[in-house]
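# Understanding the architecture of this molecule
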Amino acid sequence: MLCRKDELGELAQSFNSMAEKLEELVTSQRRLIRDISHELRSPLTRLNIALELTRKKTHPDCEEHLKRIEKEAEELNVMISSLLSLSRLETCSKEMKITRFDLAEMIREVAEDGNFEAVAKNAMVELVSMKDVFIDGDPDIFRRALENIIRNAVRHTAPGTGVEISLQEDLPGGYLHITIRDHGPGLPEEELEKIFQPFYRFEEARDRETGGAGIGLAIARRSIDLHKGNIRASNAPDGGLILTIFLPLGK
């Protein structure tokens, strides 16, 4: 096809050229994120050292402002760590430590941690339906995905409500289903797919206190992709957001 001199040959050449440029662009973007994250670590470390030195020599009346600086520095540290995690996940498919682990037990442990955070906002995390299942995968990577998803649900569920988690087998379909449902405001239908993009935050939740940094669900999707699974978002009929993880059943 590429040897043809007619319009089809020119179209094939243009398509291949476009594909190569897109691949270069994606690779450059990933490298940029990784390099910037590494470079930010050093000045952030120096900032924290300078903050502690300043605290020792500053009048107590300034402590409120120093705590604010410390909080913002911690936010930066969390974001940098998330960026580095996302960068590693983009290239770690050959480095996964595959083992057989108890998925149900992992969900129980992560849910317990999530409930500890939820109590602070008068909410809770509850297990609605659990099936004892073992799967093959990298437990550290998959745990990170669950933690990010449940933490996101806790962040957005309304005070006085719960985050509901269930694990079920779909034997005819050959998949496991993990659903995490909150009782928050949900999202417009056209926004449901975008929440898995890095740095995406819905306009009404752009405040960092409630909207997060917009990286956690991108990390979760990549982690699930590495396990040959998928994750989808949908609005609950009576309000709230449902995230459903689909994982292939092992042999």
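Residues numbered from 1 in each chain as written. Predicted model: local features only at pLDDT ≥ 70, side-chain atom pairs only at ≥ 80, totals over all residues. Heavy atoms only, no water.

## Quick notes on the sheet that holds strand 5 (residues 175-181)
Heads up, the rule is: Two strands form a pair only when DSSP identifies at least two bridges running between them. Working definition: helices are DSSP H or I runs of at least four residues, strands are E runs of at least two. Numbering for both runs from the N terminus. Each axis is a line fitted through C-alpha atoms, taken for helices only over the stretch in contact, and angles between the N-to-C directions span 0 to 180 degrees. A contact between two residues is defined here by any heavy atoms of the two lying within 4.5 Å.
Spatially, 2-4-5-7-6 is the arrangement adopted by the five strands of the open sheet, whose pairing is mixed. With one partner strand each, in any of the chains shown, strand 2 (124-129) and strand 6 (230-235) form the two edges of the open sheet. The average undirected angle you get between the axes of adjacent strands in this sheet is 20°. Its contacts with the sheet place helix 3 (residues 103-119) against strand 2, strand 4 (162-170), strand 5 and strand 7 (241-248), and it is angled at close to 150° to strand 2.

## Quick look at the environment of Glu63
What counts is decided by this rule: When accessible area is computed with a 1.4 Å probe and restricted to protein chains, residues below 20% of their type maximum are described as buried, those above 50% as exposed, and intermediate ones as partly exposed. Throughout this description, a polar contact denotes any pair of N or O atoms lying within 3.5 Å of each other; where both atoms belong to protein, one of them has to be capable of donating a hydrogen while the other can accept it, and for residues adjacent in sequence the pair is counted only when both atoms sit in side chains.
You can see Glu63 is positioned in helix 2 (residues 63-91). Here Glu63 falls in the partly exposed class, since its relative accessible area comes to 25%. One polar contact links Glu63 to Arg55, side chain to side chain, over a distance of 3.2 Å.

## Considerations on helix 6 (residues 216-226)
Here helix 6 lies mainly inside the structure; eight of its eleven residues are buried. Of the residues making up helix 6, those classed as buried are Leu217, Ala218, Ile219, Ala220, Arg221, Ser223, Ile224 and Leu226. Downstream of helix 6 by a residue or two, Lys228 has a phi angle that is positive, lying close to 60°.

## Details of unusual backbone geometry
Positive phi, normally seen in glycine, also occurs at Asn122, with a value near 60°. Along the polypeptide, Asn122 turns up in the loop between helix 3 and strand 2. By relative accessible area, which is 56% here, Asn122 ends up exposed. Although it is not a glycine, Lys228 adopts a positive phi angle of roughly 60°.

## Remarks on the pattern of salt bridges
If the charged atoms of two oppositely charged side chains come close together, the side chains can form a pair. Going by this rule: Any carboxyl oxygen of Asp or Glu that lies within 4 Å of a side-chain nitrogen of Lys or Arg is treated as forming a salt bridge with it.
By the definition in use, this model includes eleven salt bridges. Note that Asp132 and Arg108 form a salt bridge whose closest N and O atoms lie 3.1 Å from each other. Highlighted residues: Asp132 in the loop between strand 2 and strand 3 (134-137) and Arg108 in helix 3, separated in sequence by 24 residues. The exposed category is assigned to Asp132, whose relative accessible area is 60%.

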